[in-house]
Amino acid sequence: MDRLLQGSGALPGGKGYVENPTDADYAAAARWALEQKDLRLAIQQVSAAIALKPLHEPYLHLLDRIVGRAKGPLLLVQLPQDGAFFGLCAVRARVLARLGRVEEALRHLFDAVEFSPETPFLPWAVAWIDPSKRARSVLPETVARGLLALTDGLRIVDECGEGARTNLEAALRIARRMRREHPANGALIVAEARVLRVLGRADEALALLGDEAGWELAVERAAILRDLGCRGEQVRALEQAAAARPAEPSTYLDLGDAYLDDGRPEEAAAAYERALALDASSEWARSSLVYAEALGGKAGDLPKVCGSLSDPAVEARVRKLEADLSAYESRLSDPVDPVVAVVRSVLERAPETDADKQLVVRVRADRPLAPSAHVSFAQALARVGRRGRLLVEHAGPAAFGPLWRPSPHGGVPAVDRPPDSVLQAVGALTRERFEWKTWVARAGELALSIGDAQHVVDAMAHPLDLPPASDPVRWVHGFQVAAALVVARGPWPVEDRQRWLTLLLDAQDDWTAAAALLGLRALGDGGAQLVERLRALIPVDDEPLRPLSRALAITGAELSTGATQAEFFRLRARVRHELDRGTDVALRSPPRPR
């Protein structure tokens, strides 16, 4: 399959070459070559025509005419060793099926479909295996492998074109026809379930898989349950798979990942340890173990422990896990707001646009434009000396909290600008390199020089202008975090500090709520009432994440225990998955298909 090629752009014919040929051009060239009795050229050209329209009967009849003229039809469609055009591979499959060699025909056809899953070749195979004699001549494993290869290339049916959907519907018919001959074959059941899953028919796939304890079926069932967000059932299916095949390390990797997603880092660590015991070379298990233990409170240095990694996929995973562990520890994380990418793009896009025109950016989002994002956008525009507007299309109420009041541009300060001395003190901390413990300590020192804590709270709505070479998102968000830490570590009564910060949690659609959460984290244990207040902020599974989500996950997990802590760990996993995916606007997360 790895040696299949795209077709050439040039088209031989009676009148030379045709630029950007169509399927009709290729068919005309094939007829011309057939008239010239050049069967090899004819087969090349009809292969290209069929690759563009596999279900067009006139092209298939033309193929039959060409093959019928050949004394050795298989020699005519022989595949070169240095790489074959995928259309020729499909045509060879048709010739083999015509000769009754259906097993070989399917292997070639599946190769062509795997290479080009949007080209609807698979309906051919439905007729090939319809007679019982032919279906019995095919190994079920051949069909299962081919169907799984197709689904691996078509992860989500919503992203598929018409040709891919046609292939998937044909794949379903093929699987069901083969299961009439092999009703208990696990590989065929899994393949059919996978096709149903990609078609978006998860309920049918689960019903097909049933509650059987076989390893293959349990693993596939777990993957579907993960897609549906049924974390507890997914874990149980993987535990069933581990019991069915206890020496299979990959099951424990999946189980560890499932435990992490379900907010159970200690059990995840145990699963990764079991995977390492079975395969000591597993870089995935080793890096995941360090991450799970770090969530549980054990210090760990992912890059140091993992060292040089040979697998690029594991290397990418380690970077993501390390980014999650370093968030609001050694790195000032961004608010979970898709608009941050838009704000940063201003600095790149401005030089490419007409300087005399307003820079207008329109974004469709699941949340209203955060006032803090608008401030950050305005500061980025000022940096490049431009005028502009950021327009977020969103219908529904906005929760901006006490520091902002609504406006056509997303919100403006509802509080007066505090004294410059307060702003400069907060700005001084913001300019320092972020490190959690250092900022917390420095915030306590700066607070001693400030008399009125309300001025520090109000400073969050009035960040100083963007310094040269500073990132506009991190400057505004960092300024707000610095202010929240000054409030948290100041000399004022603890009850007042907690009350001031808790009031800001009403700004769920703004970055200031994330800063307030980090202030509450620095303040320490706020009691069961505060934990319940934070727990109420956790979004339900079908609700888009808010800007405070990462700060909420980290703070909530530190201030809680037991089942409540697991809820915050689950939120942290969701944030990690969705940010890994790099969703542009609506941050939602069906986990990756298996």
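The structure this text deals with has already been given above.
Residues numbered from 1 in each chain as written. Predicted model: local features only at pLDDT ≥ 70, side-chain atom pairs only at ≥ 80, totals over all residues. Heavy atoms only, no water.

Draft legend 1. Quick look at the nonpolar core. Residues Val 339, Leu 390, Leu 403, Val 456, Leu 485, Leu 534 and Leu 552 are the most contacted members of the largest nonpolar core, which totals 117 residues. For this core, the element with the most residues is helix H25 (residues 472–489), which contributes twelve residues. The residues touching Val 456, leaving out its near neighbours within four places in the chain, are Val 422, Val 426, Ile 450, Ala 483, Val 486 and Val 487. (Core = buried A, V, L, I, M, F, W, Y, C linked by side-chain atoms within 4.5 Å. Buried < 20%, exposed > 50% of the residue type's maximum accessible area, 1.4 Å probe, protein only. Helix = DSSP H or I, 4+ residues; strand = E, 2+ residues; numbered from the N terminus. Contact = heavy atoms within 4.5 Å.)

Draft legend 2. Summary view of empty space enclosed by the protein. Tallied over the entire structure, the rule returns three cavities of 30 Å³ or more. Of the pockets and cavities examined, the second largest cavity occupies roughly 50 Å³. Forming the walls of the second largest cavity are Leu 260, Pro 265, Tyr 291, Leu 295, Phe 569, Arg 572, Ala 573 and Arg 576. Looking at the lining of the second largest cavity, the elements that each hand over two or more residues are helix H17 (283–295) and helix H30 (562–581). The leading source of residues in the lining of the second largest cavity is H30, at four residues. (1 Å grid on protein atoms, 1.4 Å probe; cavity = no way out; pocket = protein on both sides within 12 Å on 5 of 7 lines; lining within 4 Å. Points joined across faces, edges and corners; volume = space filled by probe spheres on them.)

Draft legend 3. Local environment of the environment of Leu 41. With respect to the helices and strands, the residue Leu 41 is situated in helix H2 (residues 39–52). We classify Leu 41 as buried; its relative accessible area is 14%. It is 16 Å that separates the C-alpha atoms of Leu 41 and Ala 24, two residues lying 17 residues apart in sequence.

Draft legend 4. View of the packing of helix H29 (residues 549–559) against H30. At a minimum axis separation of 8 Å, H29 and H30 run at an interaxial angle of 150°. The angle between H29 and H30 places the two elements in the roughly antiparallel class. As H29 packs across H30, the resulting crossing turns out to be left-handed. Contacts between H29 and H30 involve Ser 549, Arg 550, Leu 552, Ala 553, Ile 554, Gly 556 and Ala 557 on the former and, on the latter, Gln 565, Phe 568, Phe 569, Leu 571, Arg 572, Val 575 and Leu 579. (Axes fitted to C-alpha atoms, helices over the stretch in contact; angles between N-to-C directions. Parallel < 35°, antiparallel > 145°, perpendicular 65-115°, else oblique. Left-handed = near helix turned anticlockwise from the far one by under 90°.)

Draft legend 5. Main features of unusual backbone geometry. With phi around 65°, Lys 37 is a residue other than glycine that occupies positive phi space. Within the fold, Lys 37 resides in the loop between helix H1 (23–35) and H2. The phi dihedral of Tyr 328 is positive, around 60°, even though this residue is not glycine. Within the secondary structure, Tyr 328 is located in the loop between helix H19 (312–326) and helix H20 (339–349). A relative accessible area of 1% means that Tyr 328 is categorised as buried.

Draft legend 6. Structural context of the pattern of salt bridges. Applying the stated rule across the entire model yields 40 salt bridges. Arg 177 is the partner of Glu 181 in a salt bridge, and the nearest nitrogen-oxygen pair spans 3.0 Å. Pair noted here: Glu 181 and Arg 177 are both in helix H10 (residues 162–181), with a separation of four residues, about one helical turn. Where Asp 324 meets Arg 550, a salt bridge forms, and the shortest distance between an N and an O atom there is 3.3 Å. Placement of the pair is Asp 324 in helix H19 and Arg 550 in helix H29, with a sequence separation of 226 residues. Here Arg 550 falls in the buried class, since its relative accessible area comes to 10%. Here the salt bridges do not stand alone but share partners, grouping Asp 152, Arg 194, Arg 197, Glu 220, Arg 226 and Asp 227 into one network. (Salt bridge = Lys/Arg side-chain N within 4 Å of Asp/Glu carboxyl O.)

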